[in-house]
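Take a look at the letters that make up each chain.
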Amino acid sequence: MIHDSYTGSASEDGRPAPGTLGQGHVVPPPSEPALPQPRPRRWGIPSAVVGVALFIGLQLLVGAAVVLGWTLSGHRGSPPTLTLALVSLLPAYAGVLGWQYLVARRRGGGMRRDYAFAFRWYDLFLGLAGGFVAMGVVLLGTLAVAKLFGVTPESSVGTTVLDSKQGGIALYALLVVIAFVGPVVEELHFRGMWWRAIDNRFGPVAALLVTSAIFAVVHLEPVRLLGLLLGGLVLGGLRLVTGRLGAGVVAHMTLNTVSAVSLLLAVLR
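Residues numbered from 1 in each chain as written. Predicted model: local features only at pLDDT ≥ 70, side-chain atom pairs only at ≥ 80, totals over all residues. Heavy atoms only, no water.

*Asks:* Outline the pattern of salt bridges, supporting the account with residue identities and numerical values.
*Replies:* In this structure the tally under the stated criterion is four salt bridges. In this structure, arginine 244 engages aspartate 123 in a salt bridge whose closest nitrogen and oxygen atoms are separated by 2.9 Å. You can see arginine 244 sitting in the loop between helix H8 (225-242) and helix H9 (246-268) and its partner aspartate 123 sitting in helix H4 (residues 123-149), a full 121 residues away along the chain. The class for arginine 244 is buried, based on a relative accessible area of 10%. (Salt bridge = Lys/Arg side-chain N within 4 Å of Asp/Glu carboxyl O. Helix = DSSP H or I, 4+ residues; strand = E, 2+ residues; numbered from the N terminus. Buried < 20%, exposed > 50% of the residue type's maximum accessible area, 1.4 Å probe, protein only.)

*Asks:* Break down the nonpolar core for me, with residues and values.
*Replies:* Within the largest apolar cluster, 45 residues are counted, with the highest numbers of intra-cluster contacts made by Phe55, Tyr115, Leu174 and Trp194. At the level of secondary structure, the elements contributing two or more residues to this core comprise helix H1 (45-72), helix H2 (81-107), helix H3 (111-115), helix H6 (169-202), helix H7 (204-218), H8 and H9. Sorting elements by how many residues they give to this core places H6 first, with 15 residues. Excluding residues within four positions of it along the chain, tryptophan 194 makes contact with Ile45, Ala48, Val49, Val52, His189, Thr211 and Ile214. (Core = buried A, V, L, I, M, F, W, Y, C linked by side-chain atoms within 4.5 Å. Contact = heavy atoms within 4.5 Å.)

*Asks:* A description of the packing of helix H5 (residues 156-163) against H9 should follow, citing residues and the corresponding values.
*Replies:* Put simply, H5 and H9 touch, their axes get as near as 10 Å, and they point 20° apart. Put simply, H5 runs roughly parallel to H9. Of the two elements, H5 crosses H9, and the hand of that crossing is right-handed. Within the contact between the two elements, H5 uses Val157, Gly158, Val161 and Leu162 and H9 uses Leu263, Ala266 and Val267. Of the residues in the contact of H5 with H9, the class split is six nonpolar, one polar and no charged. (Axes fitted to C-alpha atoms, helices over the stretch in contact; angles between N-to-C directions. Parallel < 35°, antiparallel > 145°, perpendicular 65-115°, else oblique. Left-handed = near helix turned anticlockwise from the far one by under 90°. Nonpolar A, V, L, I, M, F, W, Y, C, P; charged D, E, K, R; others polar.)

*Asks:* Lay out the layout of surface pockets with the relevant residues and their values.
*Replies:* Approximately 1,500 Å³ is the volume found for the largest pocket. Around the largest pocket, the lining comprises 50 residues; the ones closest to its centre are Ser155, Ser156, Val157, Glu221 and Arg224. Secondary structure elements with two or more residues in the lining of the largest pocket: H1, H2, H4, H5, H6, H7, H8 and H9. When residues of the lining of the largest pocket are assigned to their parent elements, the largest contribution, eight residues, is made by H9. Looking at the lining of the largest pocket, its residues break down into 28 nonpolar, 17 polar and five charged. (1 Å grid on protein atoms, 1.4 Å probe; cavity = no way out; pocket = protein on both sides within 12 Å on 5 of 7 lines; lining within 4 Å. Points joined across faces, edges and corners; volume = space filled by probe spheres on them.)

*Asks:* Would you mind going over the packing of H6 against H7 in detail, with residue names and values included?
*Replies:* The contact between H6 and H7 brings their axes to 8 Å, and the two run at 140°. Taken as axis vectors, H6 and H7 run oblique relative to one another. For the pair H6 and H7, the crossing hand works out as right-handed. Of the residues in H7, those touching H6 at Glu186, Phe190, Arg191, Trp194, Trp195, Ile198, Asp199 and Phe202 are Pro204, Ala206, Ala207, Leu208, Val210, Thr211, Ile214, Phe215 and Val218. For the contact of H6 with H7, the per-class residue count stands at 13 nonpolar, one polar and three charged.

*Asks:* How would you sum up the packing of aromatic side chains? Please name residues and give values.
*Replies:* All told, the structure shown has six aromatic pairs when counted by the stated rule. Measuring from ring centre to ring centre gives 6.3 Å for tryptophan 121 and phenylalanine 125, while their planes differ by 80°; the resulting arrangement is edge-to-face. Looking at phenylalanine 125, the relative accessible area reads 53%, which means it is exposed. The structure contains a cluster of three or more aromatic residues connected by ring pairs, namely Trp121, Tyr122 and Phe125. Sitting over the ring of phenylalanine 215, arginine 191 keeps its end group 4.5 Å from the ring centre. (Phe/Tyr/Trp six-rings, centres within 6.5 Å; stacked < 30°, edge-to-face > 60°. Lys NZ or Arg CZ within 6 Å of the ring centre and 35° of its normal.)

*Asks:* How would you explain a nonpolar patch on the surface if you had to name every residue and give the values?
*Replies:* Together, Trp121, Tyr122, Leu124, Phe125, Leu126, Leu128, Phe132 and Val258 make up a nonpolar patch on the protein surface, roughly 810 Å² of accessible area in all. Top contributing element to the nonpolar patch by residue count: H4, with five residues. Here leucine 128 is to be found in helix H4. (Patch = residues over 30% accessible without salt bridge, like charges linked within 9 Å, V, L, I, M, F, W, Y side chains within 5 Å. Areas by Shrake-Rupley, 256 points an atom, 1.4 Å probe, with all protein chains shown as cover.)

*Asks:* I'd love a proper account of unusual backbone geometry, names of residues and values included.
*Replies:* At alanine 116, a position not held by glycine, the phi torsion is positive, near 55°. Looking at alanine 116, the relative accessible area reads 7%, which means it is buried. Its identity is not glycine, yet leucine 220 carries a phi of approximately 55°, on the positive side.

*Asks:* Give me H6: which residues, what numbers.
*Replies:* In H6, a bend of some 40° at valine 181 exceeds every other bend along the element, and proline 183, a proline, comes one to four places later. Looking one or two places after H6, you find glycine 203, whose phi comes out positive at around 100°. (Bend = angle between axes of the 7 residues up to and from the residue.)

*Asks:* Can you break down the side chain of glutamate 187 residue by residue, with the values?
*Replies:* Here glutamate 187 shows up in helix H6. Residue glutamate 187 is classed as buried on the basis of its relative accessible area of 1%. Separated by 2.7 Å, the side chains of glutamate 187 and histidine 252 make a polar contact. Sequence-distant contacts of glutamate 187, that is, excluding residues within four places in its chain, are made with Gly192, Leu235, Leu245, Gly248, Val249 and His252. (Polar contact = N/O pair within 3.5 Å; in protein donor to acceptor, adjacent residues only side chain to side chain.)

Structure, rendered in structure tokens:
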């Protein structure tokens, strides 16, 4: 047996024992690579308020610009109703979506982490079921308010489409936007950005109630206010139960698609 004269460690062949350098130096254990830490979220309720302001403000601004341009170009009357609605709505959706992306990218951890923008295969079935439930409560709430105040149960989109004599590409494009684009943008905003902002400060129950109320009010439809509030609670319930937006997006698309197809059939009748 040979002994190391510096450390007292020994090995059968005279080499330093494992874990030593032979002159009193211990080999440090290999360190595990540090996992990247998620960036802290540096946005909240003010960012969500900006999103609502963009949505309403861009619709008003673009709509006014289109009407002004139509008048200055020598046309009489108002621009075609559906074209005006489509041209006003698309920039508003694009502005809100772009704002949410920038906020999550620059000041948070990305849209998936900040807004729970994720899907699972079974969200399709949860969303379909939730969509029909939401459709039922929106209808019941709207009919209750209409009967209570003696008014006609109608939606602003339905009135716009049915009262317009315009058809063709503008009609189909508007209905596609309502059925598929609107649900994605609105769920990202109300059950994504607003939900996270409220949840961080006051918890998930407050997030459910507040986002449902904001969702109903922003539509600016007094007759449908109660129905939209109840529908928002259904969509928010999916967000609360699953912890992500997938089922809510499918439910919102189901609700809007049935409405869009109903309007199309009514126009073509």
